[in-house]
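Listed here are the chains, written in short residue letters.
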Amino acid sequence: MQMKLINLVLKNFKGIKHFELNTIGGNADIFGDNATGKTTVYDAFLWLLFDKDSQNKKDFAIKTLDEQGNVIHGLEHEVEGTFDVNGKRLSLRKVYAEKWTKKRGSVHQEFTGNTTDYFINDVPVKKSEYTDKIESIAKEDIFKLLTSPTYFNEQLHWQDRRKILLEVCGDIADQDVIALNEKLSVLASVLGERSIDEHKKVIASRRKKINEELEKIPVRIDEINHNLPDISGLNQNEITSEISTLKEQIQLKNDEITRIRNGGQIAEKQKQIREIESEMIAVKNELTQATNAKLQTKQRELSEINSKILDLDNQQIAKQRSIGNIENEIKIASEKREKLVAKWSEIDSEVFSHCQDENCATCGQALPSEQIQLAKEKAVAIFNKSKSERLEAVEGEGLAAKNQIEKLEKQLDTEKFQIATLQGTITKLNKDREPLQAEIESIKEQANEAAHDSRLIELNEQIEVLKVEIVELNTSVDAELAKVRSEIAELEGKKCDFESDLMKFEQVKSATKRIDELKAEERNLAEEFEKLEHELYLVEEFTRVKVAMLDEKINKKFKLARFKMFETQVNGGLQEVCETLYNGVPYSSGLNNAARINVGIDIINTLSQHYGFNAPIFIDNRESVTKLAESNSQLISLIVSGLDKKLRVETENRDMREAV
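Given the structure is predicted, the values throughout are model-derived calculations rather than measurements. (Residues numbered from 1 in each chain as written. Predicted model: local features only at pLDDT ≥ 70, side-chain atom pairs only at ≥ 80, totals over all residues. Heavy atoms only, no water.)

Visitor: Outline unusual backbone geometry, supporting the account with residue identities and numerical values.
Guide: Backbone geometry places asparagine 86, a non-glycine residue, at a positive phi of 55 degrees. Here asparagine 86 shows up in the loop between strand S4 (76-85) and strand S5 (88-102). Positioned with a positive phi, asparagine 583 is a non-glycine residue whose angle comes to about 55 degrees. The residue asparagine 583 is located in the loop between strand S9 (574-582) and strand S10 (585-586) in this model. Given a relative accessible area of 66%, asparagine 583 falls into the exposed group. (Helix = DSSP H or I, 4+ residues; strand = E, 2+ residues; numbered from the N terminus. Buried < 20%, exposed > 50% of the residue type's maximum accessible area, 1.4 Å probe, protein only.)

This is how it looks when you write it as structure tokens:
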């Protein structure tokens, strides 16, 4: 698709009172000194299409200002453009004006906002229609790419530039890169289901983790060695033998304590206590067994009554809800019946009235009295029949309403009777529940009183007597037991010291084993790290090959522009970038203005071919270029000329015009 600007007219736009650019579809040069409005022409072009200026701003100042910088009110600000779109003429016009309103009771008008009117081929349209029309030609982002040589390099983020280049030239499949280099053949099995970027992230993450682990292992080994106990001068076998001897001596002392405690009388009395305790358990079981069975029976009965009451309560609630619905229906039917009675009375009170011309409508002569009487009788019959039919219809509706009310009242009585019946049943169940609850409380009290049974009290007293007798017997053996316990404590202390020394050998053994494990882990991590290094080499080699292929593929699409898609980092890795180059000089640093413009035109040529759309290219600061790059698009150059204090236009046929 080819779009060319034929004519562009500015009226009261950003200080330009009137300017007309006639290109007749060809290239045009606009000359002017600084601040004469060259860029304003491009602003007007973009505002006409997208409501924005050349800096991509939407809220820029359109209105004309006076010498003091104040807005001159009451002006209409207008831009009209005529285009050739694939051989068809298209006119677009926008008018931006102030809206002034006079409030009621006021003699002065007040400013209440701005309005914008839109026209397509001089036909007024809505903004949405206007926008859709421009969108049908080209989207805004594509349009700006193709109309400004600097837009791609100076207003797009590098990631967006990279995305467009890959879209235009196409990316390169990983399989194609691997197939090109024999060294990369094993990379497919290494990657598995992952992409190159995903595997680079996996390698980086794993290398970082391995490095962290490798740094920690020597520290851990040093820490273990530092904490090793000193076993010099200790003999493990001798210590083990000493511990065994001490254990035997301690066991003999414990046996001696058992013999002292197991005096004949004490053992007998302890046996008697155990027998009495068993008897007490049997008595308690006997007392509680019958009580628990009776309590469970009564609790089941109470639960059944509670369940019935709950069910009846729910039925009552449902009935109350039904009564409310019925009463509402009765109210509606009664109101309807009252309206029907009133309507019937209204119809019944109607009286026949008849007014008829007694002269012939044709000749004007008086009609015979018989004919007049016959017409009147006929009218009366029709009136009476209509009145009778309407009364009969109203009576039918009234009777139906009455029958409905009677039916609903019967239902209401039935529901109320059922509620009363349910309430009676609930009252009876509540009365049955009260004695049952009292009986349950009584059974619980009986269960508590069982603990005070005379048999249990007597048996407990017997146990207390036996305990007193045992205390008296123990008093005589306490001194002997204290001596033996003291000897055991001394032996335990010696055994503990030897066991502590023996534990040192276990600690050394465990530490040595852990050090061996850490060294083995260190070797495994080193092997894995080496493997990852090789994989990283393959991935970076892959990237280098792909970079070369991608650079070649992209740069073939352009005559002047070259693109740096990757940057080598200090550590040898590659980072994605998108820097435009011309003769090896980066666009962002060191490239002169002429080269920037020509490179921009070269990029527009390729993008126009990709998108299948050519639009007018506005070239600002055109005076810096002695030889402009060729293009199939229409070129409109904005040239600084100190001699031209007003805008001057030269077209391909050297036609010259000035701004008004």
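Having seen the structure, we can now continue with the description.
Visitor: Please give an account of the nonpolar core that cites residues and values.
Guide: Grouped together as the largest cluster of nonpolar side chains are 98 residues, with contacts concentrated most on Leu21 and Phe45. By residue number, the principal contributor to this core is helix H13 (residues 478-555), which donates 14 residues. Grouped together as the second largest cluster of nonpolar side chains are eleven residues, Leu302, Ile309, Ile426 and Leu429 included. (Core = buried A, V, L, I, M, F, W, Y, C linked by side-chain atoms within 4.5 Å.)

Visitor: For a negative patch on the surface, give the residues involved together with the corresponding values.
Guide: Judged by side-chain charge, Glu129, Asp132, Glu135 and Asp141 come together as a negatively charged surface patch. Of the residues forming the negative patch, the biggest block, three residues, is contributed by helix H2 (residues 127-137). When you line up the elements, glutamate 129 lands in helix H2. (Patch = residues over 30% accessible without salt bridge, like charges linked within 9 Å, V, L, I, M, F, W, Y side chains within 5 Å. Areas by Shrake-Rupley, 256 points an atom, 1.4 Å probe, with all protein chains shown as cover. Salt bridge = Lys/Arg side-chain N within 4 Å of Asp/Glu carboxyl O. Lys, Arg positive; Asp, Glu negative; His and termini not counted. Charge placed at Lys NZ, Arg CZ, Asp CG, Glu CD.)

Visitor: Describe helix H1 (residues 38-50), naming the residues involved and giving the relevant values.
Guide: For H1, with 13 residues, the first-to-last C-alpha span of 19 Å sits near the 18 Å given by 1.5 Å per residue. Along H1, twelve of the 13 residues are buried, which leaves the element largely enclosed by surrounding structure. Of the residues flanking the end of H1, it is aspartate 51, one or two places downstream, whose phi is positive at about 65 degrees. (Expected span 1.5 Å × (residues − 1).)

Visitor: Residues and numbers for the pattern of salt bridges, please.
Guide: With the rule as written, the count across this model stands at 29 salt bridges. Because the salt bridges share partners, they merge into one network encompassing Asp51, Lys94 and Lys127.

Visitor: Got a sec to walk through the packing of helix H5 (residues 158-169) against helix H14 (residues 593-611)? Specific residues and values, please.
Guide: Between H5 and H14, the least distance of the axes is 10 Å, while the angle of their chain directions is 55 degrees. Regarding the angle of H5 to H14, the classification is oblique. The two elements H5 and H14 cross, and the hand of that crossing is left-handed. Between H5, through Ile164, Glu167 and Val168, and H14, the contact on the second element is made entirely by Thr606, Leu607, His610 and Tyr611. Looking at the contact of H5 with H14 residue by residue, the class counts come to four nonpolar, two polar and one charged. (Axes fitted to C-alpha atoms, helices over the stretch in contact; angles between N-to-C directions. Parallel < 35°, antiparallel > 145°, perpendicular 65-115°, else oblique. Left-handed = near helix turned anticlockwise from the far one by under 90°. Contact = heavy atoms within 4.5 Å. Nonpolar A, V, L, I, M, F, W, Y, C, P; charged D, E, K, R; others polar.)

Visitor: Tell me what's going on with the pairing of S9, and back it up with residues and numbers.
Guide: Note that strand S8 (residues 562-568) and S9 share six bridges and pair antiparallel. Each bridged residue has a counterpart across the sheet, and for lysine 564 the counterpart in S9 is glutamate 579. Two elements, S9 and S10, share two bridges in a ladder whose sense is antiparallel. Across the sheet, residue tyrosine 582 finds its bridge partner in S10, namely valine 585. The loop that links S9 with its antiparallel partner S10 comprises two residues; one of these, asparagine 583, has a positive phi angle of about 55 degrees. (Pairing = 2+ DSSP bridges.)

Visitor: Mind laying out the sheet that holds S10, listing which residues take part and the relevant values?
Guide: Read from one edge of the open sheet, three strands run S8-S9-S10, paired in antiparallel fashion. Each edge of the open sheet carries a strand with a single partner, namely S8 and S10. Helix-sheet contacts for H13 involve S8 and S9, and the interaxial angle to S8 is about 170 degrees.

Visitor: Now, about the sheet that holds strand S2 (residues 16-22): what can you tell me, with residues and values included?
Guide: Read across the sheet, six strands follow the order S2-S1-S4-S5-S6-S7 without closing on themselves; strand pairing throughout is antiparallel. Each end of this open sheet is capped by a strand with a single partner; those strands are S2 and strand S7 (123-125). Averaged over all adjacent pairs, the angle separating strand axes in this sheet is 20 degrees, with direction ignored. Two elements, strand S1 (residues 3-13) and S4, share eight bridges in a ladder whose sense is antiparallel. Opposite lysine 4, over in S4, you have aspartate 84 as the bridge partner. Where H1 meets the sheet, it contacts S1, S2, S4 and S5, and its direction lies at approximately 105 degrees from that of S1.

Visitor: Let's hear about the environment of lysine 559: which residues, and what values?
Guide: Relative to the elements of secondary structure, lysine 559 occurs in the loop between H13 and S8. Sequence-wise, lysine 559 and alanine 188 are 371 residues apart; in three dimensions their C-alpha atoms are separated by 36 Å.

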